[in-house]
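Survey of secondary and tertiary structure
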Amino acid sequence: GVVTAGATGLALPGGLAIRAKGFALGIAVGGAMCLPLGFLTTELDRLIPVDTESGKARDAQKIGSNQTTQENRDLTGDAIKSFEAELARTAPRRKSWWRSRKS
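Just so you know, these numbers come straight off a predicted model, no measurement behind them.

1. Some thoughts on the overall build of the chain
When you go through the chain residue by residue, the secondary structure sums to five helices and zero strands. Going from the N terminus to the C terminus, the chain shows its helices and strands as α-α-α-α-α. Sorting the 103 residues of the chain into buried and exposed places 10% on the buried side. Accessible surface, the chain as shown: approximately 9200 Å² in total, 62% of it carbon and sulfur.

As structure tokens, then:
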């Protein structure tokens, strides 16, 4: 955030002095805003416990008699299949504008 704010200050129109002033102000404002937010998110990550054991137990129950474990499952593929199935159930079917014309 600090570097982005400083680089934005460099994009101001004008001479070198104005750009340097914008860069310095961008770093000051970006540091004043982004560093406390970064610290806050780090502290919240430390304070909030991650419950991975119950999630693994739920996944094991979902798998059932299947011999696959969570380590060798393709979670991205599972998410895509779930999304496509939900989309097929809920999305209305419309003809595409490029397929509706007969030439």
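Next comes the rest of the description.
2. As for the environment of A5
Relative to the elements of secondary structure, A5 occurs in helix α1 (residues 2-10). Along the backbone, A5 and I27 are 22 residues apart, and their C-alpha atoms lie at a distance of 5.8 Å. If we ignore the near neighbours within four places in the chain, the residues touching A5 are G26 and G30.

3. So, the pattern of salt bridges
Per the stated rule, a full pass over the model turns up one salt bridge. A salt bridge links E43 to R46; its shortest N-O distance comes to 3.1 Å. Placement of the pair is E43 and R46 together in helix α2 (residues 16-47), with a separation of three residues, close to one helical turn.

4. Here we look at the packing of α1 against α2
Relative to each other, α1 and α2 sit at 155 degrees, their axes nearing to 7 Å. Between α1 and α2, the angle is such that the two are roughly antiparallel. Considering only the axes of α1 and α2, their crossing is right-handed. Side by side, α1 and α2 meet where V2, A5, G6, A7, G9 and L10 of the first sit next to R19, G22, F23, G26, I27, G30, G31, C34 and L35 of the second.

5. Section: the confidence of the model for the chain
Summing up the model confidence of the chain, the mean pLDDT is 76 and the portion of residues at 70 or higher is 66%. Ranking the helices and strands of the chain by mean pLDDT puts α2 first, with 88, and helix α3 (residues 52-63) last, with 59.

6. Let's talk about the environment of M33
Inspection of the secondary structure assignment puts M33 in helix α2. Spatially, the C-alpha atoms of M33 and V2 are 8.5 Å apart, while their sequence positions differ by 31 residues.

7. Thoughts on α2
In a regular helix each residue adds 1.5 Å, so 32 residues correspond to 46 Å; α2 covers 45 Å between its end C-alpha atoms and thus fits that length. Of all bends in α2, the biggest is about 30 degrees, found at G31. Those residues of α2 that fall on the buried side of the exposure criterion are G22, G26, G30 and G31. The elements touched by buried residues of α2 are α1.

What counts and what doesn't
Residues numbered from 1 in each chain as written. Predicted model: local features only at pLDDT ≥ 70, side-chain atom pairs only at ≥ 80, totals over all residues. Heavy atoms only, no water. Helix = DSSP H or I, 4+ residues; strand = E, 2+ residues; numbered from the N terminus. Buried < 20%, exposed > 50% of the residue type's maximum accessible area, 1.4 Å probe, protein only. Areas by Shrake-Rupley, 256 points an atom, 1.4 Å probe, with all protein chains shown as cover. Contact = heavy atoms within 4.5 Å. Salt bridge = Lys/Arg side-chain N within 4 Å of Asp/Glu carboxyl O. Axes fitted to C-alpha atoms, helices over the stretch in contact; angles between N-to-C directions. Parallel < 35°, antiparallel > 145°, perpendicular 65-115°, else oblique. Left-handed = near helix turned anticlockwise from the far one by under 90°. pLDDT = per-residue confidence, 0-100. Expected span 1.5 Å × (residues − 1). Bend = angle between axes of the 7 residues up to and from the residue.

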